[in-house]
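Breakdown of the fold
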Amino acid sequence: MSKKNKIYWFEGVTEKGVKALLNDENSKYRWLRSQKNRRVLVTLMALGLILTSMGGYWPTLKTNLNLSPGAGMILFSVTAIFVIFTTVGCYSFLRIAVRSIADAPDELLDERQIAVRNTSFRYAYFIFGYIILALMLLMLLGPDLKLFQPEGNDGSYIVIATLFACAALPSMVMAWRERDI
Amino acid sequence: MLFSMSRNPEEPVYNRIEEARAALGLSRQELADKAGVHYQTIGYLEREEYSPSLVLAIRIAKSLNQEVSELFSLTPFKKGK
């Protein structure tokens, strides 16, 4: 057997990494695999994505809270770091919880795992479509978020959250739906 | 079932994998290694929550020294048979 660790650049996984997760080589992550814990991770991840996307509301919130510039900056920084770490951390744990099946290429999976992965992508695609639709409606009609107008708030948070959701949704769907992984 | 993993949810595939595996004294992991699948896939098959492809059905039958028709059926197996 080749000792070379093949890197799947397109999928963002390595052969050894996926095989280690599939073969339970590291038992310390076993607690993540119960459906209840996976669903907690998915909920936290969704919450993190929603909070990230709401970063555009910060200027409005700062004005309404009458914060000094220094206090506002500290509060924003602490909140932003917490949200980013929570979201990135949840995503990392989520990938471990679903054994990277959502990201792994066909050659590292068996036929049932391929079917599970493909079904998860199918539902993720539909969910992502509805998220985009909701965001478009929010951007066009939402209060203080008229992003297509020059005086509108910064929409970069929504873009970041949406891109992150695009990457994480198949794992989130799989983690939520599957009884055993 | 809306999210069924069966290839044809209207017509489940019944099997005697668990019985045949136990008769040979194989664990799920050992059978999975022989058939080239993950051990949880064997669990899904034994619970009849997943219907295998023909290739996998043949590989499992071969691993258990049985014919495909002895191991898989479109009608439930009679107990003890």
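This is a predicted model, so every value here is computed, not measured.

**Notes on the overall build of chain A**
Regarding its fold elements, chain A presents six helices and two strands. Overall, chain A shows an N-to-C arrangement of helices and strands of β-β-α-α-α-α-α-α. For chain A, the spread of C-alpha atoms along the principal axes amounts to about 60 × 30 × 30 Å. Sequence-distant contacts in chain A: of pairs separated by 6 or more residues, those separated by 24 or more amount to 76%.

**Section: the overall build of chain B**
Each helix and strand in chain B was counted, giving five helices and two strands. Looking at the 81 residues of chain B, the share that counts as buried comes to 27%.

**Focus on the nonpolar core**
Counting 31 residues, the largest nonpolar core has A:M45, A:L94, A:V98, A:I101, A:M172 and A:A175 as the members making the most contacts within it. Looking at this core, the elements that each hand over two or more residues are α1 (15-22), α2 (35-53), α4 (69-97), α5 (111-141) and α6 (156-177) of chain A. Looking at which element gives the most residues to this core, the answer is α6(A), with nine residues. In contact with A:L94, other than residues within four places in its own chain, are A:L41, A:M45, A:A168, A:S171, A:M172 and A:A175. Membership of the second largest hydrophobic core comes to 15 residues, among which are B:A35, B:V37, B:L45 and B:A61.

**Describing the interface of chain A and chain B**
In this assembly, nine residues from chain A lie in contact with 11 residues from chain B. Taken together, the residues that form the side of chain A that touches chain B break down as three nonpolar, one polar and five charged.

**Overview of the environment of A:E111**
Along the chain, the position of A:E111 falls in helix α5. Excluding its chain neighbours within four sequence positions, the residues that come into contact with A:E111 are B:S53 and B:L56.

**A look at helix α3 (residues 39-46) of chain B**
Of all the residues in α3(B), the buried ones are B:Q40, B:T41, B:I42, B:Y44 and B:L45. For α3(B), the elements touching its buried residues are α5 of chain A together with β1 (14-15), α1 (17-24) and α2 (28-35) of chain B. Directly beyond the C-terminal end of α3(B), a positive phi value near 60 degrees is found at B:E48.

**Examining helix α4 (residues 54-63) of chain B**
Residue and element names in this part refer to chain B. Every buried residue belonging to α4 is among A57, I60, A61 and S63, and all of these are buried. Down the axis of α4, the smallest arc covering the buried residues is 160 degrees, so these residues share one side. Among the exposed residues of α4, those oriented more than 90 degrees off its buried face are L54 and V55. Those residues of α4 that are buried lie in contact with α1, α2, α5 (68-71) and β2 (72-73). N65 sits one or two residues past α4 and shows a positive phi near 55 degrees.

**Topic: the packing of α2(B) against α3(B)**
Residues and elements named next belong to chain B. Running from N to C, α2 and α3 point in directions that differ by 105 degrees, and their axes come no closer than 8 Å. For the element pair α2 / α3, the angle class is roughly perpendicular. For the pair α2 and α3, the contacting residues are R28, Q29, L31 and A32 in the first and Y39, T41, I42 and G43 in the second. Residue classes in the contact of α2 with α3 are distributed as four nonpolar, three polar and one charged.

The rules behind the values
Residues numbered from 1 in each chain as written. Chains lettered and ligands numbered in written order. Predicted model: local features only at pLDDT ≥ 70, side-chain atom pairs only at ≥ 80, totals over all residues. Helix = DSSP H or I, 4+ residues; strand = E, 2+ residues; numbered from the N terminus. Contact = placed C-beta atoms within 7 Å. Buried ≥ 20, exposed ≤ 12 C-beta atoms within 10 Å, placed from the backbone. Core = buried A, V, L, I, M, F, W, Y, C linked by C-beta atoms within 7 Å. Nonpolar A, V, L, I, M, F, W, Y, C, P; charged D, E, K, R; others polar. Arc of directions from axis to C-beta. Axes fitted to C-alpha atoms, helices over the stretch in contact; angles between N-to-C directions. Parallel < 35°, antiparallel > 145°, perpendicular 65-115°, else oblique.

The values are spatial; any link to function lies outside them.
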